[in-house]
Every structure is written in structure tokens, then in C-alpha cells.
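Next come the chains, spelled out residue by residue.
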Amino acid sequence: MASVTSSTPTGLVPWLLQRITGALLVIWIAAHFIFWHFDKASEGQLDFAMVSGTALTRGAGGYIWEMILAGLCVYHGLNGVRNIVYDYVVDKTKVSWLTPLLWIVGIAGFLLIGYHLAQFQVGH
Amino acid sequence: MATVSVFRFDPELDERGYFDDFHVPDREGQTVLEALFHILEHEDGSIGFRYACRGAVCGSCAMHINGRYRLSCATQMADLGDKVVIRPLYHMPVIRDLVVDMDKFFEKYERLRPWLVNETPLGDKERLQSPEDRAKLDKLVDCILCACCQASCPFTQTDPEYIGPALLLKLDRFYSDSRDLATADRIEAGDTEHGVWRCHTAYNCIEVCPKDLNPTASIARLKGAAIRRQFTGRVE
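(A) Molecular detail of helix H9 (residues 215-232) of chain B. Taking 1.5 Å as the rise per residue, H9(B) with 18 residues should run 26 Å; its terminal C-alpha atoms sit 25 Å apart, in good agreement. Of all the positions in H9(B), only B:Pro215, B:Thr216, B:Ser218, B:Ile219, B:Leu222, B:Lys223, B:Ala225, B:Ala226 and B:Ile227 are classed as buried. In this structure, the buried residues of H9(B) make contact with helix H1 (12-40) of chain A together with helix H6 (165-175), helix H7 (183-190) and helix H8 (204-208) of chain B.

Structure below.
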């Protein structure tokens, strides 16, 4: 049977990943708030010095944890942008450049976050 | 006496739509469709609206009445107060007044092959179905294609190619039918950028359906089938 349109890819994977990252973000952001804004904030003023000092003591585990949060945020946010554009543009071939562009922006943003978080690990 | 504001638009004469006010006497049991007939017969014979069965079965008289999509033949004037505002269905071109162009809607419908696909030879009897399998279709077969849900969906406006809630519910009606053998094709028909993935669960379709159907659930069922097919290869 002919589909109403024969667009490829179908949109299944972005839709599914949007839900998975959304569900994971609930856990990661909750943990982030509990750790930084309730637990650490009760020990003193939550400022750059405290964040960088705490990050040093958390080691690789803390770094990986924050990078997962960064990855989830970047994917969920940029996939949301793609979704909005795809909602409004009828001919999806006109925005075929969008997904590669968002991947480039997303990977660049993710690496930038990783670089800055790594500065805490090396004691800057 | 109720004041009825009716959307007017003649593409050959008007640059944009406007409203005409009419006064319709109160009458017990009067529906909005009957009020429109009163206007047609006594006040303005040029008013355009669509109707057929007058019994909430054909879906022809769906309109936007006092801020909500309803069947005009099944809506009592007494329930609407003294001021009634009637507009055509949204997201479809207006042919005249309250009549919208539904060609695109039915073109998309036809492309979904809305009939039972089963090439196996018919035996002595009709194709049998268990009561349990038939029960799965109970609500799905009630859709009268009035397009209230289609008009209320925000994504049929932003993406005119979006199949839309009414037609995806119809697709689910055949996907869920145990006698239909085109299951893979049904799933594929919904699994497109203009298909089930355009639905962002605004739930407007459920709110407005005059038959209390749930197109969102149908879309979710088709999404589940597409995901199973994608990752496990199972067509079911």
C-alpha cells in the first residue's frame, strides 16, 4: 500500500529518543537539583568556587554523570528544535540540511561542555 | 429569541470573511441545524451550510459552534444561551459560508485504503471473527468522518499533509481488524513524517469528538506497532 507520503526516514527514531531522553532527564535533573541545590547549597553559598571545588572531589564518576546530563539536554533540546521546524515545514526535503546542522551544533556544544567541565578535573 | 452570528464568506465576492447576525425564535427541542434552516427560510436564502442525515450519523454538519466543534444537528440551541456564534471547521479552505472543502481530507483517506484487505478465498460463510476480536473494533467503527478532530488538531494546521487524527483512527480501525491481512502496510502507512510521529498528544481530538472516540489512543497503538516492527521485525 502506498503511504500518504513516502518520506524517509519516518521520524520514528527521533520521536522515540525524545521520549527516552525526556524520561532520563527527569531522573538526571532531579539528581542534579538534589545534589547541588539542596545538599551542597545547605553547606554554604552555591557559587563557582564551591562548584569547582566539589567537582574536584567527585572525580571521573562525577564528570561522567554531568556529561550524561549534558548529552541528554543537548539531544533533547535540539531534537525539540527539529520537531518544531518539521511541524511547520510541509516539504521535509526543503529542510534536509537541518538534521546534519543540528548534529554538528550538538556535538560541538557537547564537546565544549566536556572541555569546560574537564577544567575542574585538572584543578583550574 | 437567540441571536445567531453566522460566518459568511463568498470567495467570488469577499476578500475576507465576516459575520451576519440573525434572530431565531426560541422553540423547544430546536437544534442549531434547525436554527440555520429557520434563517435560510425566513431571513437569508443565500446562507450556505452542509447537512444530510439530521441524526448525528453522517457527520456532514460539523461546525464550530460557540467555541467548540460540534454536530449542528445534535446540538440543542437551548444549551447555548442567547448568543450563538457559528463558524466553519478550521484548517480547511472555505468554499462558502459554513461549507469547507474536504477534498484533501478524503484524498488522504482514500490513500489509506479504508477497506478490508484480504485476498484469501471466501469460504461458504462470511469471514468470521471472534467476539473478542470484534470488541476491539467497537469504538473504532463509530467514527463518522465529521472531521471535528481534524479541525481541532493544531498539527493539521501547521502541516497540511499530516494524516490527522480522524484518518489515523480509521487506519487503526483496519490495523486492529483481525480479518485484515495488510497489517504491515497499515503500519507503514502511519509510520511517516506526516503520520503518527506528527501527533504531539494535544488531546484536542478526544475533547471534541461527538462520538466520544479516542484518536490519540489509536495513534499510540500505531506508534507502538511501528516501534515493534522497527526494532524486533514483528508485524502485529
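(B) Region of the structure containing the interface of chain B and chain A. Every contact between the two is made by 27 residues of chain B and, on the other side, 19 residues of chain A. The contact between chain B and chain A buries some 2300 Å² in all, and 61% of this surface belongs to carbon and sulfur atoms. Contact with chain A buries area across many residues of chain B, yet B:Thr158, B:Glu193 and B:Trp197 alone supply 27% of it, more than any other trio. Counting the contacts that link chain B with chain A gives three salt bridges. Between B:Glu193 and A:Arg82 there is a salt bridge, with the nearest N and O atoms lying 2.7 Å from each other. Where chain B packs against chain A, one counts nine residue pairs in polar contact (both at pLDDT 80 or more). Taken together, the elements giving at least two residues each to the side of chain B that touches chain A come down to helix H2 (103-111), helix H5 (154-158), H7 and H9 of chain B. In terms of residue class, the side of chain B that touches chain A is made up of ten nonpolar, five polar and twelve charged.

(C) Seen up close, the pattern of salt bridges. Residue and element names in this part refer to chain B. Tallied over the entire structure, the rule returns 22 salt bridges over all chains. The salt bridge involving Asp 44 is made with Arg 8; its shortest N-O contact spans 2.9 Å. With Asp 44 in the loop between helix H1 (32-42) and strand S3 (62-65) and Arg 8 in strand S1 (residues 2-8), this pair connects stretches of sequence that are 36 residues apart. No difference in accessibility class separates Asp 44 from Arg 8, as the two residues are buried. The residue Arg 96 makes a salt bridge to Asp 97 at a minimum N-O spacing of 3.6 Å. By relative accessible area, Asp 97 is classed as buried at 3%. Each member of the salt-bridge network shares a partner with another, and the members are Arg 8, Asp 20, Asp 44, Arg 96 and Asp 97.

(D) Quick peek at the domain arrangement of chain B. Residues and elements named next belong to chain B. With domains assigned, chain B is organised as domain 1 (2-100) and domain 2 (103-232). The C-alpha centroid of domain 2 is placed 29 Å from the C-alpha centroid of domain 1. Together domain 1 and domain 2 conceal approximately 1100 Å² of surface at their shared face, both sides included; 64% is due to carbon and sulfur atoms. Along the contact surface separating domain 1 from domain 2 lie zero salt bridges. Run the count over domain 1 and domain 2 and you get six residue pairs in polar contact (both at pLDDT 80 or more). Among the elements that take part in the side of domain 1 that touches domain 2, strand S4 (residues 68-71) stands out by supplying four residues, more than any other.

(E) View of the environment of B:Thr232. All names here are of chain B. Relative to the helices and strands, Thr 232 resides in helix H9. For Thr 232, a relative accessible area of 46% gives the class partly exposed. In terms of polar contacts, Thr 232 uses its side chain to reach the backbone carbonyl oxygen of Arg 228, at 2.5 Å. Within the structure, Thr 232 has its side chain in polar contact with the backbone nitrogen of Arg 234 (distance 3.2 Å).

Conventions we followed
- The numbers attached to residues start from 1 for each chain and follow its sequence in the written order.
- Chains carry letters from A onward and ligands carry numbers from 1 onward, assigned in written order.
- Per-residue local features of the predicted model are confined to residues with pLDDT of at least 70, and side-chain atom pairs are confined, for both listing and counting, to 80 or more; whole-chain, interface and lining totals are unaffected and use all residues.
- In computing side-chain values, all of the structure's heavy atoms are included and hydrogens and water are not.
- The numbering of helices and of strands both runs from the N terminus, where a helix is a DSSP run of H or I of at least 4 residues and a strand a run of E of at least 2.
- What a helix is expected to span follows from its residue count: subtract one and scale by 1.5 Å.
- Residue burial is assigned from relative accessible area. The probe radius is 1.4 Å, only protein chains are included, and a residue is buried under 20% of its type maximum, exposed over 50%, and partly exposed in between.
- Contacts between residues were defined by any pair of non-hydrogen atoms, one from each residue, lying within 4.5 Å.
- Joining two parts hides part of their accessible area as seen by a 1.4 Å probe, and the buried area is that hidden amount summed over both.
- A carboxyl oxygen of Asp or Glu within 4 Å of a side-chain nitrogen of Lys or Arg is what we treat as a salt bridge.
- The definition of a polar contact used here is a pair of N or O atoms within 3.5 Å, where within protein one atom must be able to donate a hydrogen and the other to accept one, and adjacent residues in sequence count solely through side-chain atom pairs.
- Three residue categories are used. Nonpolar comprises Ala, Val, Leu, Ile, Met, Phe, Trp, Tyr, Cys and Pro, charged comprises Asp, Glu, Lys and Arg, and polar comprises the others, including Gly.
- As used throughout, domain bounds are those supplied by an automatic or database domain assignment.

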